Amino acid sequence: MTIRRRRPDLLHRWEGNPILTTEDIPFRCNTVFNGSPVKIGEEYLLLLRVEGQRGYSFFALARSDDGYHFEVDPAPVLLPEKEGPFAKYESRGLEDPRITYLDGNYYIVYTAASDFGSRIAIAKTEDFQCYERIALISEPGNKDGVLFPEKINGKYARLDRPLGGRDFGCIWVSYSDDLIHWGGHELVLEPRPGYWGADRIGASVPPIKTEKGWLEIYHGFTMVSSGPIYRMCTVLLDLEDPAKVIARSEEAILSPREKYERIGDVNNVVFACGAIVEPDNKVKIYYGGADTCLCVATASMDALIEATFS
Ligand code: BMA
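Please read these numbers as outputs of a predicted model, since none were measured by experiment.

Calculation criteria
- Residues numbered from 1 in each chain as written.
- Predicted model: local features only at pLDDT ≥ 70, side-chain atom pairs only at ≥ 80, totals over all residues.
- Heavy atoms only, no water.
- Near = heavy atom within 4 Å.
- Polar contact = N/O pair within 3.5 Å; in protein donor to acceptor, adjacent residues only side chain to side chain.
- Areas by Shrake-Rupley, 256 points an atom, 1.4 Å probe, with all protein chains shown as cover.
- Nonpolar A, V, L, I, M, F, W, Y, C, P; charged D, E, K, R; others polar.
- Buried < 20%, exposed > 50% of the residue type's maximum accessible area, 1.4 Å probe, protein only.
- Helix = DSSP H or I, 4+ residues; strand = E, 2+ residues; numbered from the N terminus.
- Pairing = 2+ DSSP bridges.
- Contact = heavy atoms within 4.5 Å.
- Axes fitted to C-alpha atoms, helices over the stretch in contact; angles between N-to-C directions.
- Phe/Tyr/Trp six-rings, centres within 6.5 Å; stacked < 30°, edge-to-face > 60°.

Chemist: Any chance you could explain the site of the ligand here in plain terms?
Modeler: Every residue lining the ligand is accounted for by Asn34, Arg49, Asp96, Lys143, Tyr230, Val266, Val269, Phe271 and Asp291. A distance of 3.0 Å separates an oxygen atom of the ligand from a polar atom in the side chain of Lys143. Contacts to the ligand include Asp291, whose side-chain N or O atom sits 2.6 Å from an oxygen atom. Summarising the interface, the protein chains cover 88% of the accessible area of the ligand, which totals 310 Å² for the free molecule. Residue composition of the shell around the ligand, by class: 4 nonpolar, 1 polar and 4 charged.

In structure tokens, the structure reads:
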């Protein structure tokens with residue numbers, strides 16, 4: 001008798017994972033992880049968080065024809081500013097880029113790290129060759145900024161994760177007329193005691209528009225005796241009012257399990273920064289493994305939505 005075993009995770013890991021490690025980077029660095037993808041025509045670009053040997057991060061670009069096999073450009077594309085208004089807030093690096101295409105521009109929302117704390121910053125590019133910083137858009141203590149791919153009720157909208165009292169991290173939404181000044185902040189989602197993401201949650205993938213609402217693939221962690229375990233999950237938010245939750249899955253869609261997710265600079269981490277929805281509705285989710293490599297896992301859009309209601 002054949003016993004059919006269910007895969008433990010909803011997402012299907014690509015068999016060739018990890019797709020990028022330090023050995024694939026054409027310059028000396030410590031790690032590569034947490035990359036954000038875009039598909040332009042038939043080409044996939046992946047903006048990578050690379051951590052240099054000083055321990056601070058910056059961005060590099062990788063290219064692919066199939067979304068699985070990537071080649072990295074010879075030099076970094078965006079380094080922390082050394083002068084100007086961003087310099088003192090980027091002195092410890094640029095982290096976790098998230099790309100959103102909107103109004104003919106690719107916006108990159110990232111974390112600016114410094115001794116003063118983490119702030120969210122936004123830059124834009126038309127071609128991934130020239131990048132223009134727009135503004136620092138949060139106070140310190142905020143991360144995981146993702147821009148919605150269209151305006152909501154005439155305003156730009158974003159999710160982020162300000163740290164509340166006792167390091168309680170929740171997902172919030174806010175709005176802007178110009179991408180620089182933000183207001184109308186509202187709580188969207190909080191950690192659930194007793195669940196896998198009981199200690200902190202944050203947005204991961206820029207929201208994806210679906211018929212059922214905005215699909216947000218987010219992350220969360222639970223503290224255990226060895227430290228945090230980061231997992232991935234889904235929530236659907238109302239298209240007109242993203243502070244309203246339509247459905248939230250009970251279970252994680254991906255948990256650290258493979259060696260490249262379990263062991264690295266930070267153990268037990270799967271951390272997504274972007275996804276591509278293919279024409280056949282297959283979703284490729286790009287994520288960092290153990291803060292040390294880049295991976296991809298897939299699921300159909302239908303499966304992701306169904307899981308969100310379960
Ligand atoms: C988060 C971010 C991510 C990182 C994760 C796990 O706070 O800083 O860049 O992958 O922690 O270390």
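Further notes follow.
Chemist: Where do I start with the pairing of strand β21 (residues 293-300) in this structure?
Modeler: Each regular strand carries side chains that alternate between the two faces of the sheet. The buried count for β21 comes to 7 of 8 residues, which makes it a mostly enclosed element. Bridge analysis of strand β1 (residues 12-13) against β21 gives 2 bridges, and the strand direction is antiparallel. Residue pairing across strands places His12 opposite Thr298, the latter belonging to β21. Where strand β20 (residues 282-289) and β21 come together, 8 bridges link them in antiparallel fashion. Residue Lys284 lies in a different strand from β21, and its bridge partner there is Thr298. Linking β20 to β21, which pair antiparallel, is a turn of 3 residues; within it Ala290 sits at a positive phi near 50°.

Chemist: I'm lost on the environment of Gly117 in this one. Help?
Modeler: Positionally, Gly117 belongs in strand β8 (residues 117-125). Separated by 24 residues in the primary sequence, Gly117 and Gly141 place their C-alpha atoms 5.8 Å from one another. Apart from residues no more than four positions distant in its own chain, Gly117 is found in contact with Ala112 and Pro140.

Chemist: Honestly, the sheet that holds strand β2 (residues 31-40) in this entry has me stumped. Any pointers?
Modeler: Strands pair in a sheet through their backbones, by hydrogen bonds, and they do so in one of two ways: parallel or antiparallel. With respect to topology, 4 strands assemble into an open sheet ordered β2-β3-β4-β5, the strand pairing being antiparallel. The two strands at the open ends of the sheet, each matched to only one other strand, are β2 and β5 (70-72). Neighbour to neighbour, the strand axes of the sheet diverge by 30° on average, direction disregarded. Taken together, the 3 bridges between strand β4 (residues 57-64) and β5 define a ladder with antiparallel strand orientation.

Chemist: Honestly, the packing of aromatic side chains in this entry has me stumped. Any pointers?
Modeler: Aromatic rings in a pair are described by how distant their centres are and how their planes are angled relative to each other. Per the stated rule, a full pass over the model turns up 12 aromatic pairs. For the pair Phe27 and Phe58, a centre-to-centre distance of 6.1 Å together with 40° between the ring planes defines the contact as tilted. Linking Phe27 in the loop between β1 and β2 with Phe58 in strand β4, this pair joins segments that are 31 residues apart in sequence. Across the pair, exposure class does not vary: Phe27 and Phe58 are buried alike. Where Tyr101 meets Tyr106, the ring centres are 4.7 Å apart and the plane angle is 45°; that geometry is what we call tilted. Relative accessible area serves as the criterion here: at 11%, Tyr106 is assigned to the buried category.

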